[in-house]
Amino acid sequence: MAFLTDRKRASGMGSAKTGTEHHWQMMVTSVALLVLTPLFIFTFGAILGSSYEEVIAYYQRPFPAVVAILTMLVGFFHYRLGVQTLIEDYVHGFARKAAIIGMICLSYAAAAFAIFAIVRIAL
Amino acid sequence: MPTKGTVMSDVNRGNRPLSPHLTIYRPQWTSMSSILVRITGNALIVAALMIVWWFVAAASGPEAFATANGFVTSWFGDLVMTLSVLGLWYHLLGGLRHLVWDSGRMLDVDKSELAAQMMMVLSVLLTIFTVIVL
């Protein structure tokens, strides 16, 4: 007598995890970054190389600051999903889990530092 | 209860055909352009962390900013940033191709290959444009 259905026995094994949500989040962040990335390249690129005073004054303006905050937030979340797929394809066993956890923590930490810094400059 | 080997959840390794070994596999526009999307996307972490450092330094004060800004705008920093702009434009176009694919369009081999060639040409043109404008 089998107590588990075939679907339940497959759940959690192989690809039967949270692929749909992962893919949907990738689609949403991709569309957002399609707009944010060019805006960030040209706002950040415009001020890179300027003096400290000019940089501070520039990022006190709402538009460059919000573009930078959104790019860091969405960009690092997108990276966190992408690097997980990379690790899942090439790393196996315990190292896989360790690498995924490490890179997720790095992604969120980088986003937090960047956003804190931009908010501090802006306010 | 189905017998072993008749349900998808049974692990059956051994008799399956192996996927092509990359070392003897002929490079194609589709595979190469896809691999490049992965490489560019993940390599962008280097420039991204440099930019985070630059923002944190700017928020910390003039001295910290001078150090980070000096590194980011050095010849090495310029090299990383310029290559990353190329990688970023390429990855963006690759993402755009994925969104088009997800809508069920351009899935034929010839159209995918055309998209791959356009990604490579457009990313170089956009990089040249970016370097000239900035």
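Residues numbered from 1 in each chain as written. Chains lettered and ligands numbered in written order. Predicted model: local features only at pLDDT ≥ 70, side-chain atom pairs only at ≥ 80, totals over all residues. Heavy atoms only, no water.

## A closer look at the packing of aromatic side chains
Put simply, the test is: Pairing of aromatic rings covers Phe, Tyr and Trp, the last through its six-membered ring, and needs centres within 6.5 Å; plane angles under 30 degrees mean stacked, over 60 mean edge-to-face, and all others mean tilted. Strands here mean DSSP runs of E at least two residues long; helices mean DSSP runs of H or I at least four residues long; both are numbered from the N terminus. Burial here depends on accessible area, computed with a 1.4 Å probe over protein chains only, as a share of the maximum for the residue type. Under 20% is buried, over 50% is exposed, and the range in between is partly exposed.
Within the structure shown, the criterion is met by 14 aromatic pairs over all chains. Between Phe 44 of chain A and Trp 54 of chain B, the ring centres sit 5.0 Å apart and the planes meet at 85°, which makes this aromatic pair edge-to-face. Note that Phe 44 of chain A is positioned in helix α2 (residues 19-47) and Trp 54 of chain B in helix α1 (residues 29-60), a pairing that runs across two chains. Comparing Phe 44 of chain A with Trp 54 of chain B shows no difference in burial state: the two are buried. Aromatic side chains Trp 54 of chain B and Phe 55 of chain B sit 5.3 Å apart centroid to centroid with 80° between the ring planes, which places their arrangement in the edge-to-face category.

## Points about the confidence of the model for chain B
Stated precisely, the cut-off is as follows: Scored from 0 to 100, pLDDT reflects the predictor's confidence in each residue.
Taken residue by residue, chain B gives an average pLDDT of 89. The fraction at 70 or more is 85%. Across the whole predicted complex the pTM is 0.86, and at the interface the ipTM reaches 0.87.

## Observations concerning unusual backbone geometry
Most of the time, phi is negative for any residue but glycine, and the peptide bond is trans. Residues and elements named next belong to chain B. We note that Met 106 has phi near 55°; this positive angle belongs to a residue other than glycine. Relative to the helices and strands, Met 106 is located in the loop between α3 (75-102) and α4 (109-133). Met 106 sits in the partly exposed class, given a relative accessible area of 32%.

## As for the interface of chain A and chain B
Quick reminder of the rule: We call two residues in contact when some of their heavy atoms are within 4.5 Å. Buried area, as used here, totals the accessible surface that two parts lose on assembly, with accessibility defined by a 1.4 Å probe and the loss added over both. The term salt bridge refers to a pairing of a side-chain nitrogen on Lys or Arg with a carboxyl oxygen on Asp or Glu at a separation within 4 Å. Pairs of N or O atoms within 3.5 Å make up the polar contacts considered here, provided that, within protein, one atom can donate a hydrogen while the other can accept it, and that residues adjacent in sequence are counted only when both atoms are side-chain atoms. Ten residue types, Ala, Val, Leu, Ile, Met, Phe, Trp, Tyr, Cys and Pro, are classed as nonpolar, four, Asp, Glu, Lys and Arg, as charged, and the remainder, Gly among them, as polar.
Each side of the interface is counted separately: chain A has 46 residues, and chain B has 36 residues. Interface area, chain A with chain B, both sides summed: about 3300 Å², of which 80% is carbon and sulfur. At the boundary of chain A with chain B, the tally comes to one salt bridge. Connecting chain A to chain B are three residue pairs in polar contact (both at pLDDT 80 or more). Taken together, the elements giving at least two residues each to the side of chain A that touches chain B come down to α1 (6-10), α2, α3 (52-58), α4 (62-90) and α5 (94-122) of chain A. The element contributing the most residues to the side of chain A that touches chain B is α2 of chain A, with 15 residues. Residue composition of the side of chain A that touches chain B, grouped by class: 32 nonpolar, 10 polar and four charged.

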